2 protein chains.
Amino acid sequence: MSSHGGPGDTVTLADVEVDDEFWSPRRERNRKVTIEYQYEQLEESGTLENFRRVAAGESGGFQGMWFQDSDAYKWIEAASYVLAQRDDPELEENVDAVISLIADAQGADGYVNTYFSLVEPENRWTNLHMMHELYCAGHLIESAVAHYRATGKETLLDVAIDFADLVDDVFGDEIQGVPGHEEIELALVKLYRVTGTTRYLDLAKYFIDLRGTDDRLAWEIDNPETLGGGEYEDGAIIPDARSVFTHEDGTYDGRYAQAHEPLRDQETVDGHSVRAMYLFAAATDLAIETSESELIEAIERLWTNMTTKRMYVTGGIGPEEAHEGFTTNYDLRNDAYAETCAAIGSVYWNQRLFELTGEAKYADLIERTLYNGFLAGVSLDGTEFFYENPLESDGDHHRKGWFTCACCPPNAARLLASLGEYIYSQRESELYVNQYVSSTVTTTVGDATVKLSQDSSLPWSGGVAIDVDADGASVPLRLRIPEWTESTTVTVNGEPLEASVPSEGYLELEREWTDDRIELTVDQTVTQLEAHPDVAADAGRVALKRGPLVYCLEAVDNDRPLHQYEDPSSAVSTEYRPDLLEGATVIEGEASVPDREGWDDELYRPASETARERTEFTAVPYYAWDNRDPGSMRVWIRS
Amino acid sequence: MSSHGGPGDTVTLADVEVDDEFWSPRRERNRKVTIEYQYEQLEESGTLENFRRVAAGESGGFQGMWFQDSDAYKWIEAASYVLAQRDDPELEENVDAVISLIADAQGADGYVNTYFSLVEPENRWTNLHMMHELYCAGHLIESAVAHYRATGKETLLDVAIDFADLVDDVFGDEIQGVPGHEEIELALVKLYRVTGTTRYLDLAKYFIDLRGTDDRLAWEIDNPETLGGGEYEDGAIIPDARSVFTHEDGTYDGRYAQAHEPLRDQETVDGHSVRAMYLFAAATDLAIETSESELIEAIERLWTNMTTKRMYVTGGIGPEEAHEGFTTNYDLRNDAYAETCAAIGSVYWNQRLFELTGEAKYADLIERTLYNGFLAGVSLDGTEFFYENPLESDGDHHRKGWFTCACCPPNAARLLASLGEYIYSQRESELYVNQYVSSTVTTTVGDATVKLSQDSSLPWSGGVAIDVDADGASVPLRLRIPEWTESTTVTVNGEPLEASVPSEGYLELEREWTDDRIELTVDQTVTQLEAHPDVAADAGRVALKRGPLVYCLEAVDNDRPLHQYEDPSSAVSTEYRPDLLEGATVIEGEASVPDREGWDDELYRPASETARERTEFTAVPYYAWDNRDPGSMRVWIRS
């Protein structure tokens, strides 16, 4: 097996060592708590037992959701990201054991799916709508690529290749169909990049191109009765596909799964938001490989729609619970669904958009999403997770330890473990510093070996020092100037730059680097943000932002019901409190609240009679909410 | 059969003739369209066929909801109110025919309920939770009393008496139980008042007193499996009582039906709001009869809780859709449920509270509810109805012609047809003018025959003239000074009063009346109302009110999305437009809206960058919304 490099040399996870005051404790908890707990859950939930039963030729007795296999794959993927960055013999042994189970469960034809093998072997590939068969295949492939890259071991990669070959033999030939939940498309591009085998890229393109081309979708195959759901062994309930794939009048609509029209024709981001992110990520991968202008235009149009009309200030997406997804432009109700996995999917997509274009705005959005929409999904102690991330709560929304549909915790584990992939990137022989996270990277740019050692004080203060050494080689560096900073000063070896620093985008620096030090100071002034006038939910409200962090008011810090705070002062003070929320900078200011005088037994009275008074408020970072006494929370404060 | 007068002489419906510019067209449509349509529906829906089948000794074949019989009773009641006020031989003939069917369907033992007789005759009185058996009995009794009072005919009254006797024989003796949906309690007091038979009053007291005294409710009887619901013939789905009568942990909770604790101990209005109103109305009736101080205290406490913490500015009640009812103090979300029937129930309750106390605040609330929370439920043409009455809509909430659970239209018909009952009242030999609706009344107060002829210009302007004649007898009159007026001038025969006019409550006038004219002018200045600071939904918002009418903004009249209007001017103009909404006074003013400059492709930006500009807005009466092009609506405008 020879590794194909993908789109030019890249910075790999193994090249980066993260040692950051903010992120490292979270990554450590992710490794020691979350990934460990996930592993225990694989046994607890019957996930591994499913593989064992298939390997032993048993039938029936399936446990868990019909996409239960993907839990094992996501765990292997997360564990592999850990193994890429550190030796951990015990973890490696556990991973190898699980891989061995999976390999044993693979059929002679390459098929691996314990649900179908145990429960309805005769129905392979008949219900692409709901049964996540190709979704599980995609996670198998992603885990195999991650494991191979981390360890060089090919056992799981061989399993993935054999299954991918089977899928490629079946689809486009005997079956014309696409998955109900996208995932395999981006996985196939990864498999192409690691193997160099073009049939995987072609198969990814087949799935992307076929999607939405037929008004009954291409996936109903010849078994239309599989549209109906039902209750399966061990209580798994499979939703009726008609409930998500039809209009009220009964006609077919694939919007839930982005299959209402071909991707290249889509004008707005629609449907289930995780599905959408995975599809758009795959399409961007495809565009990186093909440079197809129509596809690139579609992707950029969809990104613009999402970021200018359908995204929370936290980077969260998908307001509606019923279909876990997007609704209409400017529908950004603060009782948001904003699934943690959707924020993670957005990070995946934006990373690929950056790779495609080299534009800073995608790295900006990754930063916003990491620090807010994503990070809120994980409790400070790493043991509990939000599925939904509202921007306002009455106090009854809390993280939970695990979910029946446990997609968020493993996805969060994957992202935290692979954080190193997002800090540095290489494009066209330029080295990009995209995220300010204390870390070192050693990589080859052109003929030069470059070492960067970054010491960042974000998000709490705005100082970043980067030591650069390339043994005197001239290497172009690009440093992202965050979109949120109002002013940035940069020095090299203590000398201010002659050139001006752009207000956003990349600062380009090139010299013959030998033990040079770049220092950036980014402004962290608290700003009050306003939403577009068409966002009804935020009309007459502001959100506080400082650096990359969105802030919120929590009941535990504030005396009045949160809706009573109005007109927060623009002059505020900030203070880092080491003992609060594992260390956090709070924002303190004054706001106006109604005088309660005279309201004794009235419910409505002339507005002119109510006085207001100034009082103090305290805001904390949004990501940290719901880690103390339960209570209400709101991001958007009345202005 | 001799008529018992109830609590002293009263003004009956037959004494009042309504001839009002605002209300009479609505009452005419109610009579000609709604009541006529209801009659047709009795045949269409199988309601009458159910009675015929029972009379013919058939079994099975039941059509409609399990409380379908009540549709017939409500129609008879509404029709009887019409017949009390005018001759209508055709209507009277139809009523007699339906009554004859009901009488034929009555069992020898007095039992009448076509659902149980046709579907499960063996299960009488076994599922008091959900099966509305006593609810239907209550509506039978109410209709019988109304019909007897209107026509003097005793056919239906005899049916009701026989059934009430059966209920009284069964309950408190072989069965200890209370109905899941209150209604029979207030009906039994009516039956007592018209017959003078105290066992009906005692039975009403039994149901009221027993309610909430047992933590398993008193109604589970010996058939606990009837707690579960199911699907019955013709698709009627009976809800599982456990879904509404249990806490999340499975323990029993009668809050939905006000049975969580004895009425006299209840501190807050809770549960299904129509059920609550019917119970409290019955309890107030009981208090009128018994003067029991503990009961009166409880009723007044509940009224205070409702009106100071749990009522919309429209008089609507019950924000939550799931249980059609009350939630917590100050939860007044504008996406309100606020069922039309609950507003009607509130009118019933408040009328009894007035009768109990003689206090004007109850008549004030009747006025507020009639003009707003109730009237919005009926379309201008009288053919369509709201079940829910939100105070804010995105444009997707519209009245419908009829409902599967068609409780609102017949209830609206009952109220409109009996409007005359709310205008004048007699208490302790004083004659009260409670509502300003053009009408005449001739009644006996003490020994005097008094005739009042009222000419009111409400709600559009504030002039009211009342001609009084009592052949020179001295009769005390009490004229309600509406709580919303800021100033009131009163003249008698053109001469200003010497005494000052109270700011609210009653103006008392007594003289030897002979062709005298009283003229009131009430102030109709537009006021901006604010809600209590603990009402999160209305924080930073105001509602416009003029006279008794709450106003709203509708998209059809205003260029901008309604959430963009802010800071409405206190100086506004009003104009009566005869061609708009069948004639209505609109409010026009200026408000601030965001300048759209510079928002092209941004979703969030520093708040300081957005300018605002003044623009015109037009507000229309809330009751009239959704009678033109569909669109958004909001009552509470950002202040």
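Just so you know, these numbers come straight off a predicted model, no measurement behind them.

## Quick notes on the sheet that holds strand 13 (residues 505-512) of chain B
All names here are of chain B.
And step 1. The mixed open sheet is built from four strands, whose spatial order is 5-6-10-13. A single partner strand is all that each edge strand has here, and the edge strands are strand 5 (424-427) and strand 13. Across the sheet, the mean angle separating the axes of adjacent strands is 25° when strand polarity is ignored.
And step 2. In this sheet, strand 6 (residues 430-433) lies alongside strand 5 in antiparallel orientation, the contact comprising four bridges. Bridging across to strand 6, Gln426 finds its partner in Leu431.
And step 3. Across the sheet, helix 13 (residues 340-357) lies against strand 5, strand 6 and strand 13, angled at about 35° from strand 5, the strand it touches most.
And step 4. In the packing of helix 14 (residues 360-374) onto the sheet, contacts are made with strand 10 (474-481) and strand 13, and the angle to strand 10 comes to roughly 55°.

## Here's the deal with the confidence of the model for chain A
Residue and element names in this part refer to chain A.
And step 1. Residues with a pLDDT of 70 or more make up 93% of chain A, whose mean pLDDT is 92.
And step 2. Low pLDDT, under 50, characterises residues 1-8; the stretch is placed with 21 contacts to residues that sit more than four places away or in other chains.
And step 3. Listed scores for the predicted complex are pTM 0.91 and ipTM 0.93.

## A closer look at the pattern of salt bridges
Residue and element names in this part refer to chain A.
And step 1. Here the structure, examined in full by the defined rule, presents 104 salt bridges over all chains.
And step 2. For Arg52, the salt bridge is made with Glu43, and the minimal N-O distance between the two is 2.9 Å.
And step 3. The exposure class of Arg52 is partly exposed, given its relative accessible area of 31%.
And step 4. Judged by its relative accessible area of 39%, Glu43 falls in the partly exposed class.

## A short note on the sheet that holds strand 7 (residues 439-445) of chain B
Residue and element names in this part refer to chain B.
And step 1. The seven strands are arranged 1-7-8-9-14-11-12 in an open sheet whose pairing can be described as antiparallel. Looking along the sheet, the strands with just one partner apiece sit at the ends: strand 1 (16-18) and strand 12 (495-496).
And step 2. Of the strand pairs in this sheet, strand 7 and strand 8 (residues 448-456) are connected by seven bridges, and their pairing is antiparallel. Residue pairing for strand 8: Ser439 is matched across the bridge by Gln454.

## Some details on the packing of aromatic side chains
And step 1. All told, the structure shown has 54 aromatic pairs over all chains when counted by the stated rule.
And step 2. Between the aromatic rings of Trp23 of chain A and Tyr371 of chain A, the centroid separation amounts to 5.2 Å while the plane-to-plane angle is 55°, which identifies the pairing as tilted. Note that Trp23 of chain A is positioned in helix 1 (residues 23-44) and Tyr371 of chain A in helix 14 (residues 360-374), a separation of 348 residues in sequence.
And step 3. Taking relative accessible area as the criterion, Trp23 of chain A reaches 1% and is therefore assigned buried.
And step 4. Residue classification places Tyr371 of chain A among the buried residues on the basis of a relative accessible area of 3%.
And step 5. An angle of 45° between the planes, with centres 5.4 Å apart, marks the rings of Phe22 of chain B and Tyr371 of chain B as tilted.

## Some details on the interface of chain B and chain A
And step 1. Taken together, the contacts link 39 residues of chain B with 40 residues of chain A.
And step 2. Around 3,100 Å² of area is buried between chain B and chain A when both sides are counted, 59% of it from carbon and sulfur atoms.
And step 3. Summed over the three residues of chain B that lose the most area to chain A, namely Glu530, Leu603 and Tyr604 of chain B, the buried surface amounts to 25% of that side.
And step 4. At the boundary of chain B and chain A, one finds two salt bridges.
And step 5. With a shortest N-O distance of 3.0 Å, Arg596 of chain A and Asp534 of chain B are connected by a salt bridge.
And step 6. Those elements giving two or more residues to the side of chain B that touches chain A turn out to be helix 12 (293-309), strand 15 (527-531), strand 20 (604-606) and strand 23 (636-638) of chain B.
And step 7. A total of four residues in the side of chain B that touches chain A trace back to one element, the largest contributor, which is strand 15 of chain B.

## Section: the relation of the copies chain B and chain A
Copies of the same chain, two in number, are related to each other by a rotation about an axis and a translation along it.
And step 1. Aligned on chain A, chain B shows an RMSD of 0.0 Å; the corresponding rotation is 180° and the shift along the axis is 0.0 Å. Interpreted geometrically, this transformation is the action of a two-fold axis. Closest to the rotation axis within chain B is the C-alpha of Gly540 of chain B, separated from it by 4.3 Å.
And step 2. The residues that chain B uses at the interface reappear at the interface of chain A in 100% of cases, marking a shared surface.

## Examining unusual backbone geometry
And step 1. A cis amide bond links Leu458 of chain A with the next residue in sequence, Pro459 of chain A, at an omega value of 0°.
And step 2. For Pro459 of chain A, the location among the structural elements is in the loop between strand 8 (448-456) and strand 9 (463-469).
And step 3. Backbone geometry places Glu324 of chain A, a non-glycine residue, at a positive phi of 50°.
And step 4. Tracing the sequence through the fold places Glu324 of chain A in the loop between helix 12 (293-309) and helix 13 (340-357).
And step 5. Looking at Glu324 of chain A, the relative accessible area reads 18%, which means it is buried.
And step 6. A positive phi angle, close to 55°, is found at His132 of chain B, a residue other than glycine.
And step 7. Examined against the element boundaries, His132 of chain B turns out to sit in the loop between helix 5 (114-118) and helix 6 (133-151).
And step 8. Judged by relative accessible area, which is 10%, His132 of chain B ranks as buried.

## Things to note about the side chain of Glu320 of chain A
All names here are of chain A.
And step 1. Looking at the secondary structure, you find Glu320 in the loop between helix 12 and helix 13.
And step 2. Within the structure, Glu320 has its side chain in polar contact with the side chain of Arg333 (distance 2.6 Å).
And step 3. Leaving out residues up to four positions away in the same chain, Glu320 has contacts with Gly325, Thr327, Arg333 and Tyr337.

## Considerations on a negative patch on the surface
Residue and element names in this part refer to chain A.
And step 1. Taken together, the side chains of Glu36, Glu40, Glu44, Glu90 and Glu93 present a region of like negative charge at the surface.
And step 2. Of all the secondary structure elements, the ones that give two or more residues to the negative patch are helix 1 and helix 4 (89-105).
And step 3. Top element by residues in the negative patch is helix 1. It accounts for three residues.
And step 4. With respect to the helices and strands, the residue Glu36 is situated in helix 1.
And step 5. Under the relative-accessibility criterion, Glu36 is labelled partly exposed at 35%.

## Topic: the packing of helix 6 (residues 133-151) of chain A against helix 7 (residues 155-170) of chain A
Residues and elements named next belong to chain A.
And step 1. Look at helix 6 against helix 7: their axes get within 8 Å of each other, and the N-to-C directions meet at 145°. Along this stretch, helix 6 crosses helix 7, giving a crossing that reads as left-handed. Taking contact as the criterion, the partners of Leu134, Ala137, Leu140, Ile141, Ser143, Ala144, Val145, His147 and Tyr148 in helix 6 are, on helix 7, Leu156, Leu157, Val159, Ala160, Phe163, Ala164 and Val167.
And step 2. Each residue belonging to the contact of helix 6 with helix 7 can be placed in one class, and the counts come to 14 nonpolar, two polar and no charged.

## Structural notes on the environment of Ala470 of chain B
All names here are of chain B.
And step 1. Counting through the fold element by element, Ala470 comes out in the loop between strand 9 (463-469) and strand 10.
And step 2. When the C-alpha positions of Ala470 and Thr525 are compared, they lie 35 Å apart, and in sequence the two are 55 residues distant.
And step 3. Among all residues touching Ala470, those that are not within four sequence positions of it are Thr449, Val450, Val475 and Trp513.

## Regarding helix 14 of chain A
All names here are of chain A.
And step 1. With 15 residues, helix 14 ought to run about 21 Å at 1.5 Å a step, and its terminal C-alpha atoms sit 19 Å apart, in line with that.
And step 2. Helix geometry: helix 14 is bent most strongly at Arg368, by close to 30°.
And step 3. In terms of burial, helix 14 is largely enclosed, as 14 of its 15 residues are buried.

## Considerations on helix 7 (residues 155-170) of chain B
All names here are of chain B.
And step 1. With 16 residues, helix 7 should reach 22 Å at 1.5 Å per residue; the first-to-last C-alpha distance of 23 Å fits that figure.
And step 2. Taken across its 16 residues, helix 7 has 12 buried, putting it largely inside the fold.
And step 3. Taken residue by residue, helix 7 has Leu156, Leu157, Val159, Ala160, Ile161, Phe163, Ala164, Asp165, Leu166, Val167, Asp168 and Val170 as its buried positions.
And step 4. Considering only its buried residues, helix 7 is in contact with helix 3 (69-85), helix 4 (89-105), helix 6, helix 8 (184-195) and helix 9 (198-210).
And step 5. With its phi angle positive at about 85°, Gly172 sits one or two positions after the end of helix 7.

The rules behind these values
Residues numbered from 1 in each chain as written. Chains lettered and ligands numbered in written order. Predicted model: local features only at pLDDT ≥ 70, side-chain atom pairs only at ≥ 80, totals over all residues. Heavy atoms only, no water. Pairing = 2+ DSSP bridges. Helix = DSSP H or I, 4+ residues; strand = E, 2+ residues; numbered from the N terminus. Axes fitted to C-alpha atoms, helices over the stretch in contact; angles between N-to-C directions. Contact = heavy atoms within 4.5 Å. pLDDT = per-residue confidence, 0-100. Salt bridge = Lys/Arg side-chain N within 4 Å of Asp/Glu carboxyl O. Buried < 20%, exposed > 50% of the residue type's maximum accessible area, 1.4 Å probe, protein only. Phe/Tyr/Trp six-rings, centres within 6.5 Å; stacked < 30°, edge-to-face > 60°. Buried area = accessible area lost by both parts, 1.4 Å probe. Least-squares fit on C-alpha atoms with pLDDT ≥ 70 in both. Polar contact = N/O pair within 3.5 Å; in protein donor to acceptor, adjacent residues only side chain to side chain. Patch = residues over 30% accessible without salt bridge, like charges linked within 9 Å, V, L, I, M, F, W, Y side chains within 5 Å. Areas by Shrake-Rupley, 256 points an atom, 1.4 Å probe, with all protein chains shown as cover. Lys, Arg positive; Asp, Glu negative; His and termini not counted. Charge placed at Lys NZ, Arg CZ, Asp CG, Glu CD. Left-handed = near helix turned anticlockwise from the far one by under 90°. Nonpolar A, V, L, I, M, F, W, Y, C, P; charged D, E, K, R; others polar. Expected span 1.5 Å × (residues − 1). Bend = angle between axes of the 7 residues up to and from the residue.

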